[in-house]
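# Commentary on secondary and tertiary structure
Spelled out, the chains give:
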Amino acid sequence: MYSLQKERISRRKHHWGRLGDLSDRYLPAMPLLKEPVDLVVEGYSSDTEIEHAVAYQQEVRETLGLKDGAQVVLVSHHLSHIYSAFHPSPFEEAAGLVIGTRGSHVRDFTEQVELPPGTGGDLMEVASFYRCTRGRVECLAKQLWDGDWERQAGLGSFYALLTAMIWPESQGDESDEGKVAALAAFGDPDALGLPDLDVRGHEVHIPPAWCELFARRDDYVYEPGGEEFRRAANLAAAGQRAFERALIRLAAWLHDRTGLDALAYAGGAALNCAANARIVRESPFREVFIPPSPHTGGTAVGCALYGLIEHLEVESGFRWGDDFLGPDQDDNAIEAAVRGLPAGLYAERPADLAAEVAGLLASGRVVGLHQGRSESGPRALGNRSVLADPRNPVMQDYINFEVKGREWFRPLASLVPAEHAGRVFEVDRPSPFGQFVVPVRPGYRDRLPGITHVDGTARPQTVERSSTPFLHALLTEWNALTGVPVLINTSLHGPGEPLAETPEHSIEVLRTTGLHALALPPYVIRKHDEPSLPGGER
């Protein structure tokens, strides 16, 4: 399986697809597209690009080598989401849940679902509920919305409005929604006296008190400190709590309808790691699976699986064992990038790369790691990562300011070998995709300030030797060196950029930010004029 988002090539975050992308961007980056193609599946949301569907299909026929009789088919948005979540999950049967801001219009649905008589074709799906087996995906219900922001409905639009209140320039940016969840830990959810959301069966509606608040556009805009910060944090806390409570009630309704113990969950809302943890802890579901790319970027995988299973009638063996779906690593490209290093950088080829990187980290340096195929989801999982020592109390500020160029309160994720996870974190299951916020055990909170959020939680990724052997070897070296089996892990990119894709992208992050070194196996690339270490020493 391969997956590549346009933003990784264009370097413009959340860069929407347009006509011409297939020939200009994807074909050069993904050589497999030059092979004969059996089927093309296209997915559209409620954006206006579906108006150009005929032109896209013509572009496909002109650009790709389609086999005789090859079809170009459409799949609606939430259906592509559930195919990205259930079929690659470990479950034989499961309830399915998709929550987003706006999916497909009713007129564009490619699935059967019973809707009230007279339902208009212009309404959009904002939540979908399924019963899934390997032989059938059955849609049980949908919440629909007319798209009028003065009559908000659904959890996705609620969180989008919440985000826009605090960061008005967000324009639906899912990373801004992550900032709201981070900010919530600094606020008091009771301070504004706001109610829970109105949950009626499978539908979520926004109470008048929230609607009135959303109409006051300038009252809660984020500022780094003072009264403005406190107001924004209180709103974030109230909104996050309301979101979590409503989500738990939706999960309970779905469990009651299906009677199943497993849940496959996707959509942009599934990026909310604090809410995900509450589903695991408090919902009736015993097992919860969330794909590593549950957002819209992951629907390409869902489209491919839908086409394979429903049109080619081939049962897929693909399971989300890892998220490394980018183009294959080109060793020649790495060698060329190292030979062409910009002035100020130099490369070394250590005999033991894991030991060398562990030593750099122990010395207080911040190290990028670029290896193998890139992550398809929005989070670094060890192939395009920034690594650092979580014991250093100034490391979070250093990375947020000097590498990422972002707000001081943003927490950093963590890596831990799966066999050591329960020692440091209150976890009872693997978390290979870092999708759940969990408490740090009290004995480690003061020892690991770089990954422990203000509320005593962290977002760990559990690392297995079988899926990421170099990362596991590095953590083993690090544990032997420091007695702590945890490293900071955050995504490898500069301020405002998407995840690095090519060796050149990662080298540019090293050159232009406060990174001290880049591990580009088998090389370590460093700076002749190195930045000060976090804490001020050179």
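Residues numbered from 1 in each chain as written. Predicted model: local features only at pLDDT ≥ 70, side-chain atom pairs only at ≥ 80, totals over all residues. Heavy atoms only, no water.

### Some words on the overall build of the protein chain
The helix and strand inventory of the protein chain stands at 17 helices and 19 strands. For 538 residues, the compact-globule estimate of 2.2 N^0.38 gives 24 Å, and the protein chain sits close to it at 23 Å. If one aligns the C-alpha atoms of the protein chain with their principal axes, the spans along those axes are about 70 × 65 × 40 Å. Considering only residue pairs separated by 6 or more positions, the protein chain has 71% of its internal contacts joining residues 24 or more positions apart. Total accessible area on the protein chain is roughly 21800 Å²; 48% of this is exposed by carbon and sulfur atoms. The positive charge centre, built from 52 side chains, and the negative charge centre, built from 75, are 3 Å apart in the protein chain. (Helix = DSSP H or I, 4+ residues; strand = E, 2+ residues; numbered from the N terminus. Rg over C-alpha atoms; globule rule 2.2 N^0.38 Å. Contact = heavy atoms within 4.5 Å. Areas by Shrake-Rupley, 256 points an atom, 1.4 Å probe, with all protein chains shown as cover. Lys, Arg positive; Asp, Glu negative; His and termini not counted. Charge placed at Lys NZ, Arg CZ, Asp CG, Glu CD.)

### Quick notes on the nonpolar core
In this structure, Leu183, Trp210 and Tyr265 are the most contacted members of the largest nonpolar core, which totals 57 residues. Per-element accounting of this core gives the leading share, 16 residues, to helix H8 (residues 226-258). Sequence-distant contacts of tyrosine 265, defined by excluding residues within four places in its chain, comprise Ala85, Leu97, Ile99, Leu247, Ala270, Asn276, Ile279, Phe289, Ile290 and Pro291. Counting 36 residues, the second largest nonpolar core, distinct from the first, contains Leu341, Leu412, Val416 and Leu510. (Core = buried A, V, L, I, M, F, W, Y, C linked by side-chain atoms within 4.5 Å. Buried < 20%, exposed > 50% of the residue type's maximum accessible area, 1.4 Å probe, protein only.)

### Observations regarding the side chain of histidine 81
Relative to the helices and strands, histidine 81 resides in helix H4 (residues 77-85). Those residues within four positions of histidine 81 in sequence are excluded, and the remaining contacts are Val98, Ala266, Gly267, Pro294, His295, Thr296 and Thr299.

### Notes on the pairing of strand E4 (residues 124-133)
Along any regular strand, the residues point their side chains to alternate faces of the sheet. Taking burial as the measure, the 10 residues of E4 include eight buried ones, the bulk of the element. Relative to E4, strand E3 (residues 93-99) is paired through seven bridges, and the arrangement is antiparallel. In the sheet register, isoleucine 99 faces E4, and the bridge partner there is alanine 127. In sequence, E4 turns back onto strand E5 (residues 137-145) through a hairpin of three residues. (Pairing = 2+ DSSP bridges.)

### What about the sheet that holds strand E8 (residues 262-266)?
In spatial order, the strands read E5-E4-E3-E8-E9; together these five strands make up an open sheet with mixed pairing. Of all the strands in the sheet, just E5 and strand E9 (287-289) have a single pairing partner and so form its edges. Strand-to-strand twist in this sheet, taken as the mean axis angle between neighbours without regard to direction, amounts to 20°. (Axes fitted to C-alpha atoms, helices over the stretch in contact; angles between N-to-C directions.)

### Section: the pattern of salt bridges
Per the counting criterion, the structure on display carries 32 salt bridges. Aspartate 198 serves as the salt-bridge partner of arginine 200, at 2.7 Å between the closest nitrogen and oxygen. Its relative accessible area of 28% is what places aspartate 198 among the partly exposed residues. Of the charged contacts, one joins aspartate 389 and arginine 391 as a salt bridge, the two residues approaching to 2.8 Å between their closest N and O atoms. Look at aspartate 389 and you get buried, because its relative accessible area is 7%. (Salt bridge = Lys/Arg side-chain N within 4 Å of Asp/Glu carboxyl O.)

### Thoughts on the packing of aromatic side chains
Within this structure, the stated rule accounts for 19 aromatic pairs. Their ring planes at 35° and their centres at 6.3 Å tell us that tryptophan 167 and phenylalanine 409 sit as a pair that is tilted. Here tryptophan 167 is found in the loop between helix H5 (155-166) and helix H6 (174-184), whereas its partner phenylalanine 409 is found in the loop between helix H13 (395-404) and strand E13 (413-417), with 242 residues between them in sequence. Centre to centre, the rings of phenylalanine 229 and tryptophan 408 are 5.5 Å apart; their planes meet at 35°, and the pair counts as tilted. Within this pair, whereas phenylalanine 229 is found in helix H8, its partner tryptophan 408 is found in the loop between H13 and E13, the two being separated by 179 residues in sequence. Phenylalanine 229 sits in the buried class, given a relative accessible area of 12%. In this structure tryptophan 408 comes out as partly exposed when scored by relative accessible area, which is 31%. (Phe/Tyr/Trp six-rings, centres within 6.5 Å; stacked < 30°, edge-to-face > 60°.)

### Describing the side chain of histidine 87
Along the chain, histidine 87 turns up in the loop between H4 and E3. In contact with histidine 87, other than residues within four places in its own chain, are Ile82, Thr133, Arg134, Val137, Ile309, Phe318 and Arg319.

### Considering the sheet that holds strand E16 (residues 460-463)
Sheet architecture is open: eight strands sit in the order E10-E19-E18-E11-E12-E17-E13-E16, paired in mixed fashion. A single partner strand is all that each edge strand has here, and the edge strands are strand E10 (345-348) and E16. When strand polarity is set aside, the average angle formed by the axes of neighbouring strands in this sheet is 30°. One ladder, built from three bridges, connects strand E11 (residues 367-370) with strand E18 (residues 517-520); its direction is parallel. From the neighbouring strand, valine 367 faces E18, where its bridge partner is alanine 517. Across the sheet, H13 touches strand E12 (384-388) and strand E17 (487-491), and the angle it forms with E17 is around 25°. Of the strands in this sheet, E10, E11, E12, E18 and strand E19 (523-527) are in contact with helix H17 (residues 503-512), which crosses E18 at around 165°.

### A word on the pairing of strand E2 (residues 66-76)
Judged from the seven bridges that link them, strand E1 (residues 37-44) and E2 form a sheet pairing that is parallel. If you follow tyrosine 44 over to E2, its bridge partner there is serine 76. Between the parallel elements E1 and E2, the chain passes through helix H3 (residues 53-63) in a crossover that is right-handed. (Right-handed = clockwise from strand over helix to strand, strands pointing away.)

### As for the state of the cysteines
This model, assessed by the stated rule, comprises zero disulfides. As a non-bridged cysteine, cysteine 132 has cysteine 139 as the owner of its nearest cysteine sulfur, 9.4 Å distant. Looking at cysteine 132, the relative accessible area reads 0%, which means it is buried. (Disulfide = S-S within 2.5 Å.)

### What about helix H10 (residues 299-311)?
Because each turn of an α-helix spans 3.6 residues, side chains separated by three or four positions end up pointing in the same direction. The end-to-end C-alpha distance of H10, which contains 13 residues, comes to 17 Å, matching closely the 18 Å that a straight helix rising 1.5 Å per residue would cover. Turning to H10, the residues buried within the fold contact E1, E2 and H4. Where H10 ends, the next residue or the one after it, glutamate 313, has phi of about 55°, a positive value. (Expected span 1.5 Å × (residues − 1).)

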